[in-house]
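The residues making up each chain are set out below.
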Amino acid sequence: MIGRRSLASALLLLAVAAHAEDLPVFRVVFKDGTIAPTRIQAPAGKRFKLEVVNAGTTPVEFESLPLRKEKVLGPGVTSFVVIKASQPGEYPFFDDFHQQARGVIVIK
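In the nomenclature of an unreviewed UniProt entry, the protein chain corresponds to Cupredoxin domain-containing protein from the organism Chitiniphilus eburneus. The protein chain has a UniProt comment under Subcellular location (unreviewed entry) that states "Cell outer membrane".

Undergrad: Help me understand the pattern of salt bridges in this model?
TA: Close approach of charged atoms lets side chains of opposite charge pair. Tallied over the entire structure, the rule returns 2 salt bridges. A salt bridge links E51 to R27; its shortest N-O distance comes to 2.8 Å. Highlighted residues: E51 in strand β4 (residues 47-54) and R27 in strand β1 (residues 25-31), separated in sequence by 24 residues. Among the ionic pairs, E90 bridges to R39, the shortest N-O distance being 3.5 Å. Here the residue E90 occupies a position in strand β8 (residues 89-95), and R39 occupies one in strand β3 (residues 39-42), the gap between them amounting to 51 residues. We classify E90 as exposed; its relative accessible area is 51%.

Undergrad: Is there a simple way to explain unusual backbone geometry in this structure?
TA: Note: most residues except glycine have negative phi, and most peptide bonds are trans. A cis amide bond links A36 with the next residue in sequence, P37, at an omega value of -10 degrees. Despite not being glycine, D32 has its phi angle at roughly 45 degrees, a positive value. Here R68, not a glycine, exhibits a phi torsion of approximately 55 degrees, which is positive. If you trace the backbone, R68 turns up in the loop between β5 (60-64) and β6 (69-73). With relative accessibility at 77%, the residue R68 sits in the exposed group.

The rules behind the values
- Residues numbered from 1 in each chain as written.
- Predicted model: local features only at pLDDT ≥ 70, side-chain atom pairs only at ≥ 80, totals over all residues.
- Heavy atoms only, no water.
- UniProt positions renumbered as here; feature names shortened; annotations may be inferred.
- Salt bridge = Lys/Arg side-chain N within 4 Å of Asp/Glu carboxyl O.
- Helix = DSSP H or I, 4+ residues; strand = E, 2+ residues; numbered from the N terminus.
- Buried < 20%, exposed > 50% of the residue type's maximum accessible area, 1.4 Å probe, protein only.

What follows is the structure, given as structure tokens:
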């Protein structure tokens, strides 16, 4: 028999997982000093998941100073960051290991 605490914990985990799957997902691919796409448009005031893929042969670092997000990925690694930009605007991001690789998240 499942205890009340175990049941409550299981229900909470299901609720969190269901909520996480409701997030819109945008994908950005880093590859040896390039980024695609370089422009991502997302809705204002809503959280979204940015899937970050390193399709290259060297490490990359997704970094956005105005969004206060960063993520280092080794070659062949896929990860994500969750972003909530409440104010419309343009939020630049770049690969800290390949400074020429730059993009922007446009919040409307």
